[in-house]
2 protein chains.
Amino acid sequence: MSEEFMRRAIALALENVRSGRGGPFAALVVKDGRVLVEGTNRVTSTNDPTAHAEIIAIREACRALGDFQLTSCDLYTTCEPCPMCLGAIYWARPARVFYAGTASDAAAAGFDDALIYNELRNPPAGRHIPMKQLLRDDALAIFSAWNAKADKIKY
Amino acid sequence: MSEEFMRRAIALALENVRSGRGGPFAALVVKDGRVLVEGTNRVTSTNDPTAHAEIIAIREACRALGDFQLTSCDLYTTCEPCPMCLGAIYWARPARVFYAGTASDAAAAGFDDALIYNELRNPPAGRHIPMKQLLRDDALAIFSAWNAKADKIKY
């Protein structure tokens, strides 16, 4: 069953390359043994650097479920997720993730997530994209307001 | 000038808490000394776990520019980015990032990105959300098709 879903994702990714709609990646969200949504990479065709297959599949599955969590869902992705997508997976909290290609397979095709993984380990001031802190004390008021809010919806 | 932009982002984040539209975070994209777009966290009000302020600001700025890169833009965010947003920043490639609160300030308000940062360091099989590899050999055909494609748009 798992292999059948992955074969479908691989077919979608191949078609995405052929059609030129985006990068060589696809993802599915499966719930209760059936495909809930399908996503393919759309970065270049939609001018959206966040439009990785997993992000699209997560967003559309949540919309379909009317929930900001993917409880009891499985995510199938044709490649080991990049740091952005892995972060999104942790925020969406599916039950399980299945992947086919590895990060090193993606790197060999020109998608080098290793830079981003390395940057995550560096402190903000030492990153390739300079990151500078400003007005921290002012920002603490935001968290105070959040902590004091009685009817907040946690996520 | 930088502080003025950050003060605007902080005001937006405070308003987002008051209105109940989402978490206590906001972000701006600035280009040529003016604000191009503003984004606030919309996770709970739009059922989208990826709707962090930075992701929204990046997507909308790219749409406004008609480009999948934020070349020569600065991103202002009220808090140190989570791994998902940091990944998105690296894919969008702005010139600089300014942030106000730290990851530990966010953790004290119940947003514990540390779990995700730790998980990124763990191999897929040892993560809290189980990750299993399937059909790697089949997936290699996708990257072969990508490598062979003459008119691909890299990103």
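Details of the structure are given in the entry above.
First, a word on scope: everything that follows refers to the structure included in this document. Computed from a predicted structure; not experimentally measured. (Residues numbered from 1 in each chain as written. Chains lettered and ligands numbered in written order. Predicted model: local features only at pLDDT ≥ 70, side-chain atom pairs only at ≥ 80, totals over all residues. Heavy atoms only, no water.)

### Digging into the overall build of chain A
Stage number 1. From N to C terminus, chain A includes seven helices and five strands.
Stage number 2. Taken from the N to the C terminus, the helices and strands of chain A come in the order α-β-β-α-α-β-α-β-α-α-β-α.
Stage number 3. The buried share of chain A, taken over its 155 residues, is 57%.
Stage number 4. Here the analysis covers contacts within chain A between residues at least 6 apart in sequence; of these, 48% occur between residues at least 24 apart.
Stage number 5. Summed over its atoms, the accessible surface of chain A is roughly 6,300 Å², and 48% of this surface lies on carbon and sulfur atoms.
Stage number 6. The averaged location of the 18 negative side-chain charges in chain A is 5 Å from the averaged location of its 18 positive side-chain charges. (Helix = DSSP H or I, 4+ residues; strand = E, 2+ residues; numbered from the N terminus. Buried < 20%, exposed > 50% of the residue type's maximum accessible area, 1.4 Å probe, protein only. Contact = heavy atoms within 4.5 Å. Areas by Shrake-Rupley, 256 points an atom, 1.4 Å probe, with all protein chains shown as cover. Lys, Arg positive; Asp, Glu negative; His and termini not counted. Charge placed at Lys NZ, Arg CZ, Asp CG, Glu CD.)

### Here's the deal with the relation of the copies chain B and chain A
Stage number 1. Its rotation angle being 180 degrees, the transformation that places chain B on chain A also includes 0.0 Å of axial translation and leaves an RMSD of 0.0 Å. The two molecules are tied by a two-fold rotation axis, judged by turn and shift. Among all residues of chain B, the minimum C-alpha distance to the rotation axis is found for Met84 of chain B, at 2.0 Å.
Stage number 2. Same-surface contact between copies: 100% of interface residues of chain B are shared with the interface of chain A. (Least-squares fit on C-alpha atoms with pLDDT ≥ 70 in both.)

### Digging into the layout of surface pockets
Stage number 1. Volume-wise, the largest pocket comes out at about 180 Å³.
Stage number 2. Broken down by secondary-structure element, the contributors of at least two residues to the lining of the largest pocket are helix H6 (114-121) of chain A together with helix H4 (83-92) of chain B.
Stage number 3. Partitioned by chemical class, the residues of the lining of the largest pocket number six nonpolar, one polar and two charged.
Stage number 4. When its volume is computed, the second largest pocket comes out at roughly 150 Å³.
Stage number 5. Counting only elements with at least two residues in the lining of the second largest pocket, the list comes to helix H4 (83-92) of chain A together with helix H6 (114-121) of chain B.
Stage number 6. When the residues that make up the lining of the second largest pocket are grouped by side-chain class, the tally is seven nonpolar, one polar and two charged. (1 Å grid on protein atoms, 1.4 Å probe; cavity = no way out; pocket = protein on both sides within 12 Å on 5 of 7 lines; lining within 4 Å. Points joined across faces, edges and corners; volume = space filled by probe spheres on them. Nonpolar A, V, L, I, M, F, W, Y, C, P; charged D, E, K, R; others polar.)

### What to know about the interface of chain B and chain A
Stage number 1. Opposite the 90 residues of chain B that make contact, chain A presents 90 residues.
Stage number 2. Together, the buried faces of chain B and chain A total about 8,000 Å²; carbon and sulfur atoms form 71% of this surface.
Stage number 3. Together, Tyr90, Trp91 and Tyr155 of chain B form the three largest contributors to the area buried by chain B at its contact with chain A, with a combined 10%.
Stage number 4. In this assembly, chain B and chain A are joined by six salt bridges.
Stage number 5. In this structure, Arg136 of chain A and Asp105 of chain B form a salt bridge, with 2.5 Å as the shortest nitrogen-oxygen distance.
Stage number 6. At 10 residues, helix H7 (residues 136-148) of chain B tops the list of elements feeding residues into the side of chain B that touches chain A.
Stage number 7. Residues belonging to the side of chain B that touches chain A are distributed by class as follows: 53 nonpolar, 17 polar and 20 charged.
Stage number 8. Across three bridges, strand E5 (residues 131-133) of chain A lies against strand E4 (residues 96-101) of chain B in parallel orientation. Bridging across to E4 of chain B, Met131 of chain A finds its partner in Val97 of chain B. (Buried area = accessible area lost by both parts, 1.4 Å probe. Salt bridge = Lys/Arg side-chain N within 4 Å of Asp/Glu carboxyl O. Pairing = 2+ DSSP bridges.)

### A closer look at H6 of chain B
Stage number 1. Of the residues making up H6 of chain B, those classed as buried are Ile116, Tyr117, Glu119 and Leu120 of chain B. For H6 of chain B, the buried positions fall inside an angular range of 160 degrees around the axis, keeping them on one side.
Stage number 2. Close packing links the buried residues of H6 of chain B with H4 and H6 of chain A together with H4 of chain B. (Arc of directions from axis to C-beta.)

### Considering the sheet that holds strand E5 (residues 131-133) of chain B
Stage number 1. With mixed pairing, the five strands of this open sheet are ordered in space as E2(A)-E1(A)-E3(A)-E4(A)-E5(B). Either end of the sheet is taken by a strand with one partner, and the two such strands are strand E2 (34-40) of chain A together with E5 of chain B. Within the sheet, the average angular offset between the axes of one strand and its neighbour, ignoring direction, is 20 degrees. (Axes fitted to C-alpha atoms, helices over the stretch in contact; angles between N-to-C directions.)

### So, unusual backbone geometry
Residue and element names in this part refer to chain B.
Stage number 1. With a phi close to 55 degrees, Arg93 is a non-glycine residue in the positive phi region.
Stage number 2. The topology assignment puts Arg93 in the loop between H4 and E4.
Stage number 3. The backbone phi angle of Leu135 is positive, close to 55 degrees, even though this residue is not glycine.
Stage number 4. Within the element layout of this structure, Leu135 appears in the loop between E5 and H7.

### Focus: the state of the cysteines
Stage number 1. Counted according to the given criterion, the structure contains zero disulfides over all chains.
Stage number 2. Of the cysteine sulfurs around Cys82 of chain B, a residue in no disulfide, the closest is that of Cys85 of chain B, at 3.9 Å. (Disulfide = S-S within 2.5 Å.)

### Remarks on the sheet that holds E5 of chain A
Stage number 1. Here we have five strands laid out as an open sheet, ordered E5(A)-E4(B)-E3(B)-E1(B)-E2(B), and mixed in their pairing. The outermost strands of the open sheet, each flanked by one partner alone, are E5 of chain A together with strand E2 (34-40) of chain B. Ignoring strand direction, the axes of neighbouring strands in this sheet form an average angle of 20 degrees.
Stage number 2. Both strand E3 (residues 73-79) of chain B and E4 of chain B contribute to a ladder of five bridges, which runs parallel. Paired with Thr77 of chain B across the strands is Tyr99 of chain B, a residue of E4 of chain B.
Stage number 3. Here helix H7 (residues 136-148) of chain A sits on the sheet and contacts E5 of chain A together with E3 and E4 of chain B; the angle it forms with E4 of chain B, its principal contact strand, is near 60 degrees.

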